[in-house]
Amino acid sequence: MVIAVQSAACKGAGPGWATATAAGPPSSAAAQATAAKLRKRAWLDMSSPPENAQISPRFGRRLGAPQPRGGNVHPGPQEFMRDSEEFTRCSSQAVERACVGRDELVPMVTSVILPQPVPGAAAIIWAHRGASADAPENTLAAFALAQDQQADGIELDTYRSADGDVVVIHGQTLDRTFPGATGEVTSCTTAQLEALGVPTLAQVLEATTIPINVELKDTSVRDQGLPAAAATQVLRSGASDRVVFSSFNPVGLLGVREVLPEAELAVLLPEQGLSVLPQAVEMFGGKPTEDPYAWLVDNAIPTVHLHRDSIDRATVSACAERGLHVRAWTVDDPERAAELVGLGVRDLITNRPAMIRQALAAR
């Protein structure tokens, strides 16, 4: 995939373009990080925009570009806004130097992405809680094995410990993961959890090199400030270019942007699919909505994680028309994996990364 980024014109300089190649789909953490870096130097290249440029829904919505409704479009007229925190976070260095602090209208920056097929890859494989079919889930051993099995990314679950660290474990209570243990994860100190074999997010980030999907468990999102804490740890670890944040709490998920405004966010949905997103938004204190697609676009959330059985061709098409990316969970059946790829789903979250990759490659 090729990413092209346009900076705004300012102080007599025309709009600039810069391009680079990034692995993964347009909504991937790697692609978004590349786009963010390019925005800072786009003004150096004053060439014309690439042909058939498709506006990224993630950046386009936040930065004021028109939204595509299918097909390829050229960037439209730029919107303008006064100097603000949002502008200083998102504008290019050239525009910041020329305009920040001046009481005048200044252009925003538009990012565009040109999707290209990934050669030789039937799907992007995410290891669910690591290679959890072959090693204990959410452990350093499972994550190391996922990398050995050539998984493209890792999915993991997070809570906050009693002393505030972000720890990696799935169940809210210890007995789900450790038979015989009692108590809630959030009531235990980091030392107590580490004694059981629970790693911290910091340890996982240090031990891995591939992209990570950090799921924010909804109870900690609601009660313990988990989104900001997890984002802060990712920032400290220098891993913001390879992390996606997801949660069943769509409203709390937005808290990640307090620390990492450029982070990729993904709403997790249960077996019922996108139809229950309005209910989830209201349940977690968001403004009521009737249209799940509009809510995602309006909040610049480019990705949905859908249960494998809730995905059909109509859903994939509806998401594609709105520039939304679909990841399927949890896909351990090779036949269903092939069906999903046939529907246009390119990201599969699985407990068996090696088996699913081999099965798809054999087709």
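Conventions adopted
- Residues numbered from 1 in each chain as written.
- Predicted model: local features only at pLDDT ≥ 70, side-chain atom pairs only at ≥ 80, totals over all residues.
- Heavy atoms only, no water.
- Helix = DSSP H or I, 4+ residues; strand = E, 2+ residues; numbered from the N terminus.
- Buried < 20%, exposed > 50% of the residue type's maximum accessible area, 1.4 Å probe, protein only.
- Contact = heavy atoms within 4.5 Å.
- Areas by Shrake-Rupley, 256 points an atom, 1.4 Å probe, with all protein chains shown as cover.
- pLDDT = per-residue confidence, 0-100.
- Phe/Tyr/Trp six-rings, centres within 6.5 Å; stacked < 30°, edge-to-face > 60°.
- Salt bridge = Lys/Arg side-chain N within 4 Å of Asp/Glu carboxyl O.
- Pairing = 2+ DSSP bridges.

## Overview of the overall build of the protein
Per the secondary structure count, the protein includes 15 helices and 15 strands. Relative to its 363 residues, the protein shows a buried fraction of 53%. Pairs at least 24 residues apart make up 63% of the contacts formed inside the protein by residues separated by at least 6 positions. As displayed, the protein has an accessible area near 15,400 Å², and 50% of this comes from carbon and sulfur atoms.

## Observations concerning the confidence of the model for the protein
For the protein, mean pLDDT is 76; residues scoring 70 or higher make up 66% of the total. Throughout residues 5-18 the model reports pLDDT below 50, and contacts reaching past four residues in sequence, or to other chains, amount to 58 contacts. Residue range residues 39-118 is modelled with pLDDT below 50. Its contacts to residues more than four positions away, or to other chains, number 180 contacts.

## Some remarks on helix 9 (residues 226-236)
Inspection of helix 9 places L226, P227, A229, A230, A231 and V234 among the buried residues, and these make up the whole buried set. At the exit of helix 9 stands G238, carrying a positive phi of roughly 65°.

## Structural notes on the environment of A228
Among the secondary structure elements, A228 is positioned in helix 9. Its relative accessible area of 23% is what places A228 among the partly exposed residues. Sequence-wise, A228 and L254 are 26 residues apart; in three dimensions their C-alpha atoms are separated by 9.4 Å. Here A228 is in contact with G255, E258 and V259, once residues within four sequence places are set aside.

## Focus on the packing of aromatic side chains
Under the criterion given, the structure shown has 1 aromatic pair. When the centroid spacing of 6.2 Å and the interplanar angle of 85° are considered together, the rings of F248 and W329 count as edge-to-face. A residue pair is termed long-range when its members are at least 10 positions apart, and F248 in the loop between strand 11 (243-247) and helix 10 (250-253) and W329 in strand 14 (residues 325-329) qualify at 81 residues. Classification of W329 by relative accessible area gives buried; the value is 17%.

## Observations regarding the pattern of salt bridges
When charged atoms on two side chains of opposite charge get close, those side chains can pair. Under the criterion given, the structure shown has 11 salt bridges. Among the salt bridges present, the one from E137 reaches R176, with a minimum N-O distance of 2.6 Å. One end of the pair, E137, is in the loop between strand 7 (124-128) and helix 5 (140-148); the other, R176, is in the loop between strand 9 (166-168) and helix 6 (190-196), and 39 residues separate them in sequence. Residue classification places E137 among the partly exposed residues on the basis of a relative accessible area of 21%. By relative accessible area, which is 40% here, R176 ends up partly exposed.

## Description of the pairing of strand 7
Each regular strand carries side chains that alternate between the two faces of the sheet. By the criterion of burial, strand 7 is predominantly enclosed, with 5 of the 5 residues buried. Residues I124, W126 and H128 of strand 7 are buried on one face, and the alternating residues I125 and A127, pointing to the opposite face, are buried as well. Relative to strand 15 (residues 347-350), strand 7 runs parallel, the two being bridged by 4 bridges. Residue A127 lies in a different strand from strand 15, and its bridge partner there is T350. Relative to strand 8 (residues 153-160), strand 7 runs parallel, the two being bridged by 3 bridges. From the neighbouring strand, H128 faces strand 8, where its bridge partner is E155.

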